[in-house]
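Here is how the chains run, residue by residue.
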Number of protein chains: 2
Amino acid sequence: MRELLEGGRPGRLGVAVPGPLSVREGVVFKPPNLHGWGEVPLRAMLQDRLGCPVVLENDANAAALGEWWRGSGRGSRHMVYVTVSTGVGGGIILDGALYRGASDVAGEVGHVVVDPAGPVCPCGRVGHLEGIAAGPAIVRWVEGRLREGAPSTLRGHHPLTAEDVAAAAWRGDRLAREAFERAGRYLGWAVGGLLNLLNPEVVVVGGGVARAGAVLFEPMLEAARATAFPRAWEAARVERAALDDRAGLVGVAYLALQG
Amino acid sequence: MRELLEGGRPGRLGVAVPGPLSVREGVVFKPPNLHGWGEVPLRAMLQDRLGCPVVLENDANAAALGEWWRGSGRGSRHMVYVTVSTGVGGGIILDGALYRGASDVAGEVGHVVVDPAGPVCPCGRVGHLEGIAAGPAIVRWVEGRLREGAPSTLRGHHPLTAEDVAAAAWRGDRLAREAFERAGRYLGWAVGGLLNLLNPEVVVVGGGVARAGAVLFEPMLEAARATAFPRAWEAARVERAALDDRAGLVGVAYLALQG
């Protein structure tokens, strides 16, 4: 950052960070994925160092804004963004603005119960979508089936990643296909529920796991359609994210430009 | 209605109807619970007869507005209303206004998947909350357990209603208690998910089944708390509806006054 700043001072800075955080107070609260962080007044710290206004945003919300401003949700009024990677996160755009809720928690699409008989979520709660459909959950499911003796080209593959499973699914490996069908189905049920609940014009699905493409999207779309009311389904398109990793960057740029 | 009108013409009329409908077009589309209705241009029909402006609203949305304006959600900015009766419906108030979505479907909180192994919902889809936690679903579950031989004071009770089951639960009947614990738990998982997703200040729970009180609310609150993030849980209160059957009437009055 010091090097970057040698070229000149920024007029304004937008920062995407993992939640939970308070956008109003500019404080990040012990993000579970950032070890050693306590309650960090990140906005004040950066403003002091840089001498320019700083806006903080939850990383999934920032990505939602990016996709809405310059990606697959462009031009929509109501959009739901779902990101499937190490976790399942999201962001909600309503009436052309990011919806943050009462305490900046809104948009946690990965933390809704989709199966009470499902595994424990990384957040510690039972049956959440993230515990079933995120990358590590897909890997865990495959590993469990391998231990049970299921035949697969993935046997002996260590360490196994969701990308490996996706590649095997594309090669026609049956267990890998099943793993993505299962994750896709649960994602689709959740997306269908979001259509009935929020009736958006677009649902944008991104994140590393979504790069698997059709092996995930086909079962997802089928399950979403089976769950949604026709009037909700017909009002919406479900799209792949356009900006990939850059979505968050584009989103905070939007916020910084808005001031 | 003719009699009512003899006393004078209304200046404006608000009407709550079961969905689906288009608020903009003033048209009701084949409501599943109103047999014989096709596509009915209800707003135009009423305006022609009455000679005054008419506003239509989905009945659950109207009740949500009523509870927000004059009931348990009074003074809140973001509120979710859940009604549990013959079905499970709802309405969403965001930033102090009814949120209708892209095609007036938004707020269908009963039609999210909470258990893929659950029964078929009256809407024909599998695993929806309504198929598990609405009054008829509670009765159906009790009847199934009775057929399996479960002991209960409800044996031989025909026809059985959700009100009968609630009364038996209050008397200490174990099967009836279990039935409400089960429905409450599923409702709570859904409410917890809504807290993570929409992060409202209030969730108002109404409808005939909610009149059962603590036998439903205790397991519901426990499950909601177990599902929600602490920051979402702490930002919200979960309240019983205050207006009961009058909520919809109060809601359309609000809409009519708004013009």
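Asker: I tried to follow the side chain of His111 of chain B on my own but got confused; where do I start?
Answerer: Mapping His111 of chain B onto the fold places it in the loop between β8 (97-99) and α4 (130-133). At 3.1 Å, the side chain of His111 of chain B forms a polar contact with the side chain of His128 of chain B. In this structure His111 of chain B touches Gly193, Asn196, Thr227 and Phe229 of chain A together with Val88, Cys121, Cys123, His128 and Glu130 of chain B, once residues within four positions along its chain are discounted.

Asker: Just checking my understanding: could you explain the relation of the copies chain B and chain A for this structure?
Answerer: After a rotation of 180 degrees and a shift along the axis of 0.0 Å, chain B superposes on chain A with an RMSD of 0.0 Å. Between the two chains, the operation in question is that of a two-fold axis. Take the interface residues of chain B: 98% of them recur as interface residues in chain A, which is what a same-surface contact looks like.

Asker: How should I be thinking about the domain arrangement of chain A in this particular structure?
Answerer: Frequently, the measure chosen for interface size is the accessible area that the parts lose on association. Residue and element names in this part refer to chain A. Along its sequence, chain A is organised into domain 1 (2-60 + 249-258) and domain 2 (74-241). On the domain 2 side, the residues contacting the eight residues of domain 1 number twelve residues. Both sides of the domain 1 and domain 2 interface together cover about 590 Å² of buried area, and 38% of this is carbon and sulfur. Our count for the domain 1 to domain 2 interface comes out at two salt bridges. Salt-bridge contacts for Arg100 lead to Glu57; the nearest nitrogen and oxygen are separated by 2.6 Å. On inspection of domain 1 and its partner domain 2, the count reaches three residue pairs in polar contact (both at pLDDT 80 or more).

Asker: Hey, could you run me through helix α7 (residues 174-198) of chain A in this one?
Answerer: Owing to its 3.6 residues per turn, the α-helix aligns residues three or four sequence positions apart on the same side. All names here are of chain A. Taking 1.5 Å of rise per residue, 25 residues should cover 36 Å, and α7 covers 35 Å from first to last C-alpha, within 8% of that figure. Burial analysis of α7 places 20 of its 25 residues in the buried class, which makes it a mostly covered element. In this structure Asp173 caps α7, since a side-chain oxygen of it lies 3.2 Å from the backbone nitrogen of Leu175. In the stretch just after α7, Asn199 is the one whose phi turns positive, near 45 degrees.

Asker: What exactly am I supposed to notice about the sheet that holds strand β3 (residues 27-29) of chain B here?
Answerer: Within a sheet, each strand pairs with its neighbour through backbone hydrogen bonds, oriented either parallel or antiparallel. Residues and elements named next belong to chain B. As summarised here, the arrangement of the three strands in space is β2-β3-β4, forming an open sheet in which the pairing is antiparallel. For this open sheet the edge positions go to β2 (21-22) and β4 (39-40), each flanked by a neighbour on one side alone. As judged from the two bridges shared by β3 and β4, these two strands associate in the antiparallel manner. Bridging from a neighbouring strand, Val28 pairs with Val40 of β4.

Asker: Can you help me understand the sheet that holds strand β6 (residues 79-84) of chain A in this one?
Answerer: All names here are of chain A. Strand order across the open sheet formed by five strands is β8-β7-β6-β9-β10, with mixed pairing between neighbours. Strands at the two margins of the open sheet, each flanked by one partner only, are β8 (97-99) and β10 (237-240). Going across the sheet, the axis of each strand differs from the next one's by a mean of 25 degrees, ignoring polarity. Sheet topology note: the β6/strand β9 (residues 202-206) ladder contains five bridges and is parallel.

Asker: What's the story with the packing of helix α3 (residues 59-70) of chain B against helix α10 (residues 247-258) of chain B in this structure? I'm lost.
Answerer: Two measures define how a pair of helices packs: the angle their axes make with one another and the distance between the axes. Residue and element names in this part refer to chain B. At a minimum axis distance of 6 Å, the contact between α3 and α10 shows a crossing angle of 80 degrees. One finds that α3 runs roughly perpendicular with respect to α10. Residues Ala62, Ala63, Leu65, Gly66, Glu67, Trp68, Trp69 and Arg70 of α3 form the contact with α10, whose own contacting residues are Ala247, Gly248, Val250, Gly251, Val252, Ala253, Tyr254, Leu255 and Leu257. Looking at the contact of α3 with α10 residue by residue, the class counts come to twelve nonpolar, three polar and two charged.

Asker: Where do I start with empty space enclosed by the protein in this structure?
Answerer: Over the atoms rolls a probe the size of a water molecule, and in doing so it shows where empty space is left. According to the stated counting rule, one finds one cavity of 30 Å³ or more in the structure shown. If you add up the space inside the largest cavity, you get close to 200 Å³. Lining the largest cavity are 18 residues, and of these Val112 and Leu197 of chain A together with Val112, Val113 and Leu197 of chain B lie nearest its centre. Contributing elements (two or more residues each) for the lining of the largest cavity: α7 of chain A together with α7 (174-198) of chain B. Of the residues in the lining of the largest cavity, the class split is 16 nonpolar, two polar and no charged.

Asker: Which parts of the structure should I look at to understand the pattern of salt bridges?
Answerer: Tallied over the entire structure, the rule returns 16 salt bridges over all chains. A salt bridge links Glu148 of chain A to Arg145 of chain A, with the shortest nitrogen-to-oxygen separation between them at 3.5 Å. What makes Arg145 of chain A partly exposed here is its relative accessible area of 24%. The shortest N-O distance in the salt bridge between Glu239 of chain B and Arg237 of chain B comes to 3.2 Å. Overall, the relative accessible area of 34% leaves Arg237 of chain B in the partly exposed class.

Asker: How should I be thinking about the environment of Tyr99 of chain B in this particular structure?
Answerer: Within the element layout of this structure, Tyr99 of chain B appears in strand β8. By relative accessible area, Tyr99 of chain B is classed as buried at 5%. C-alpha separation for the pair Tyr99 of chain B and Asn61 of chain B, spaced 38 residues apart in sequence, amounts to 8.7 Å. Apart from residues no more than four positions distant in its own chain, Tyr99 of chain B is found in contact with His78, Leu94, Leu198 and Asn199 of chain A together with Ile92, Leu94 and Ala106 of chain B.

Asker: Looking at this model, I keep getting lost on the packing of aromatic side chains. Mind explaining?
Answerer: Remark: the centre distance and the inter-plane angle together describe each pair of aromatic rings, the angle taken between the planes. Scanning the entire structure with this criterion turns up six aromatic pairs over all chains. Ring centres of Trp69 of chain B and Tyr254 of chain B lie 5.1 Å apart, and the angle between their planes is 55 degrees; on these two criteria the pair is classed as tilted. Within this pair, whereas Trp69 of chain B is found in helix α3, its partner Tyr254 of chain B is found in helix α10, the two being separated by 185 residues in sequence. The rings of Trp68, Trp69 and Tyr254 of chain A are connected pair by pair, giving a single aromatic cluster. Its end group placed over the ring of Trp69 of chain A, Arg70 of chain A keeps NZ or CZ at 4.3 Å from the ring centre.

Asker: How should I be thinking about the environment of Ala102 of chain A in this particular structure?
Answerer: Relative to the helices and strands, Ala102 of chain A is located in the loop between β8 and α4 (130-133). If sequence neighbours within four positions are ignored, Ala102 of chain A has contacts with Arg24 of chain A together with His78, Asn199, Pro200, Glu201 and Ala235 of chain B.

Reading the values: rules and limits
- Residues numbered from 1 in each chain as written.
- Chains lettered and ligands numbered in written order.
- Predicted model: local features only at pLDDT ≥ 70, side-chain atom pairs only at ≥ 80, totals over all residues.
- Heavy atoms only, no water.
- Helix = DSSP H or I, 4+ residues; strand = E, 2+ residues; numbered from the N terminus.
- Polar contact = N/O pair within 3.5 Å; in protein donor to acceptor, adjacent residues only side chain to side chain.
- Contact = heavy atoms within 4.5 Å.
- Least-squares fit on C-alpha atoms with pLDDT ≥ 70 in both.
- Domains from an automatic or database assignment.
- Buried area = accessible area lost by both parts, 1.4 Å probe.
- Salt bridge = Lys/Arg side-chain N within 4 Å of Asp/Glu carboxyl O.
- Expected span 1.5 Å × (residues − 1).
- Buried < 20%, exposed > 50% of the residue type's maximum accessible area, 1.4 Å probe, protein only.
- Pairing = 2+ DSSP bridges.
- Axes fitted to C-alpha atoms, helices over the stretch in contact; angles between N-to-C directions.
- Parallel < 35°, antiparallel > 145°, perpendicular 65-115°, else oblique.
- Nonpolar A, V, L, I, M, F, W, Y, C, P; charged D, E, K, R; others polar.
- 1 Å grid on protein atoms, 1.4 Å probe; cavity = no way out; pocket = protein on both sides within 12 Å on 5 of 7 lines; lining within 4 Å.
- Points joined across faces, edges and corners; volume = space filled by probe spheres on them.
- Phe/Tyr/Trp six-rings, centres within 6.5 Å; stacked < 30°, edge-to-face > 60°.
- Lys NZ or Arg CZ within 6 Å of the ring centre and 35° of its normal.

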